[in-house]
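Commentary on secondary and tertiary structure
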Number of protein chains: 2
Amino acid sequence: MNQIARPPAPPPVARKSSSWTQDPEGVRRGILAVAREEFVEKGLSGARVDEIAARTATSKRMIYYYFGDKEGLYRAVLEEAYARIRNFERSLDLAGLPPREAIARLAGFTFDYHADNPDFVRLVMVENIHHARHLESSSKIGELNLSAIDMIREIYERGLAAGVFREGLDPIDIHLTISALSFYNVSNQASIRQVFGHDMAAPEARIRRRDSAIETVLRMICR
Amino acid sequence: MNQIARPPAPPPVARKSSSWTQDPEGVRRGILAVAREEFVEKGLSGARVDEIAARTATSKRMIYYYFGDKEGLYRAVLEEAYARIRNFERSLDLAGLPPREAIARLAGFTFDYHADNPDFVRLVMVENIHHARHLESSSKIGELNLSAIDMIREIYERGLAAGVFREGLDPIDIHLTISALSFYNVSNQASIRQVFGHDMAAPEARIRRRDSAIETVLRMICR
DNA sequence: GACCAATTGAACCATCCAGTACATTTTAGC
DNA sequence: GCTAAAATGTACTGGATGGTTCAATTGGTC
């Protein structure tokens, strides 16, 4: 509910005043926001369409009107989440930095994105429980692929040329390491707390883990 | 179905033959095995008690007789999974190895355990989706805590004394890094395949990722 | 071979829940 | 203003689902 930047909703056409006051885009966004919270909290099968509808400003009827069925709604939520992280990745501008700094900042930003968006992390968990079937059927997410991996490849090659990175590494492997170190503390936060009594969401713990992750990635890559 | 080492089921008391042939322990185990598969595949809310019952040699009635309700059954599955990894950890004998070898083998074994037991990984994902509520209510899993972390602490201190490890590291941090690098490829296997077209379960990919994880852990810890 | 507790079978139930039917209101174009 | 299409409200349904009832069968003990 808080990480949705809901712009002031510029009504393209004048807004009449009456009993009803219709606003399709707003309704859509409203449904999506509530749906995301529910799916993130209870999973795809755990979430209840009635519950989502109840927490919305509109009715269950509208959910089916706009999204077809429960899976369509889930898919829309998933696509929005992936679109958002793709935007985040595109917003990174690391080309100007020296390789070592670039990787460090990429790792730091990635860590922060995961820590700041547990909803995204939990959605990805849910989707993986379902064997990523919906990622498959939905819009080709392949663009993610390029942006993230190519960015790493570019930095890595610059680092090789500059002689600061060790040779023989795979950009995908680097990406997996950064992702794993960013994802795990968030995805497994609850069980870590339960088993080790450590709250990874606490500011100090998070900062220390962040530093450790960056350091680990640098040590992995640097000569 | 394959990663459960089901010992030859030594019937402590003789087995009679009759129309019915009652065997509580066997029934229990049978239910648990099917239930694990279902929960792992569909999650807690996605799994259906009727479906579990149908795949069992016995009936739904027995599930409720032995486990009370769906959550009780889930809890039993969860406890069994954690008991199993605790056994695995206890079975590791690294005290005799030089520190560097010990950490490398710990990382390798941990990686292999996760890769060989995707059921465990998926169960932990499911449990985290549910905020580890059932880990909390079930038998104190705190013993895990000790065994895993203390083992690392012991190795780490030997490594410090030998001058091969760098100072200032937290055993929990080391554990989290090893776990993250072991867990992520399995938990996110489906989305990795979907987004990057890489199959982490393929033998070559797995071996390369394993080597990379071990190397990364060593570089993280060693001076 | 009788008795009791443990174990099992078959049918049943109350509720939940995804999805729909049908009517109604709103907006936009003329 | 009139009309068609888009958007919304209300009420409902049929099947799925977790859980239960009641009785029957078994194994051990005496």
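These lines cover the structure that appears in this document, whether it is placed above or below. (Residues numbered from 1 in each chain as written. Chains lettered and ligands numbered in written order. Predicted model: local features only at pLDDT ≥ 70, side-chain atom pairs only at ≥ 80, totals over all residues. Heavy atoms only, no water.)

**Some words on the environment of A:Val186**
Residue and element names in this part refer to chain A. Stated formally: For helices the rule is a DSSP run of H or I covering at least 4 residues; for strands it is a run of E covering at least 2, with both sets numbered from the N terminus onward. In this scheme, a residue with accessible area under 20% of its type's maximum is buried, one over 50% is exposed, and one in between is partly exposed, where area comes from a 1.4 Å probe on protein chains only. Note on definitions: a residue-residue contact is assigned when non-hydrogen atoms from the two residues lie within 4.5 Å.
Following the sequence through the fold, Val 186 ends up in helix 9 (residues 171–187). Exposure remark for Val 186: the relative accessible area of 13% places this residue in the buried category. Put simply, Val 186 and Met 200 are 14 residues apart on the chain and 7.5 Å apart in space, counted from C-alpha to C-alpha. Non-local contacts of Val 186, meaning those with residues more than four positions away in its chain, are made with His 114, Ala 115, Pro 118 and Val 121.

**Notes on the relation of the copies chain B and chain A**
This is how it is decided: Superposing copies: least-squares fit, C-alpha atoms only, residues required to have pLDDT of at least 70 in both.
Superposing chain B onto chain A takes a rotation of 180 degrees plus a shift of 0.0 Å along the axis, which leaves an RMSD of 0.0 Å. In short, the pair behaves as if placed about a two-fold rotation axis. Most of the interface of chain B is mirrored in chain A, where 98% of its interface residues are also at the interface.

**A look at the interface of chain B and chain A**
By a widespread convention, an interface's size corresponds to the accessible area lost as its parts come together. Our working definition: Here's the idea: put two parts together, see how much 1.4 Å probe accessible area each one loses, and the total over both is what we call buried area. Salt bridge, as used here: a side-chain nitrogen of Lys or Arg that lies within 4 Å of a carboxyl oxygen of Asp or Glu. Identification of polar contacts relies on pairs of N or O atoms within 3.5 Å, with a donor-acceptor requirement for protein atoms, meaning one able to donate a hydrogen and the other able to accept it, and with residues adjacent in sequence counted only if both atoms are side-chain atoms.
Counting residues at the interface gives 52 residues for chain B and 51 residues for chain A. Between chain B and chain A the total buried area reaches about 4600 Å² when both faces are included, carbon and sulfur atoms providing 60% of it. Of all residues in chain B, B:Ile129, B:Phe196 and B:Arg219 bury the most surface against chain A, accounting for 15% of the area lost on that side. Inspection of the chain B/chain A interface yields six salt bridges. Between A:Asp173 and B:Arg209 there is a salt bridge, and its shortest N-O distance comes to 2.5 Å. Across the contact surface, chain B and chain A share 21 residue pairs in polar contact (both at pLDDT 80 or more). Among the secondary structure elements, those contributing two or more residues to the side of chain B that touches chain A are helix 1 (24–46), helix 6 (118–129), helix 7 (133–137), helix 8 (142–162), helix 9 (171–187), helix 10 (189–196) and helix 11 (203–221) of chain B.

**Things to note about the packing of aromatic side chains**
Residue and element names in this part refer to chain A. Threshold: Centres within 6.5 Å make a pair out of two Phe, Tyr or Trp rings, where for Trp the six-membered ring is used; the pair is then stacked when the planes are under 30 degrees apart, edge-to-face when over 60, and tilted otherwise.
Under the criterion given, the structure shown has 14 aromatic pairs over all chains. On the numbers, 5.3 Å between centres and 85 degrees between planes, the contact of Phe 39 with Tyr 74 is edge-to-face. Of this pair, Phe 39 sits in helix 1 (residues 24–46) while Tyr 74 sits in helix 4 (residues 70–91), and the two are 35 residues apart along the sequence. We classify Phe 39 as buried; its relative accessible area is 0%. Following the ring pairs from residue to residue traces out a cluster consisting of Tyr 82, Phe 88, Tyr 113 and Phe 120.

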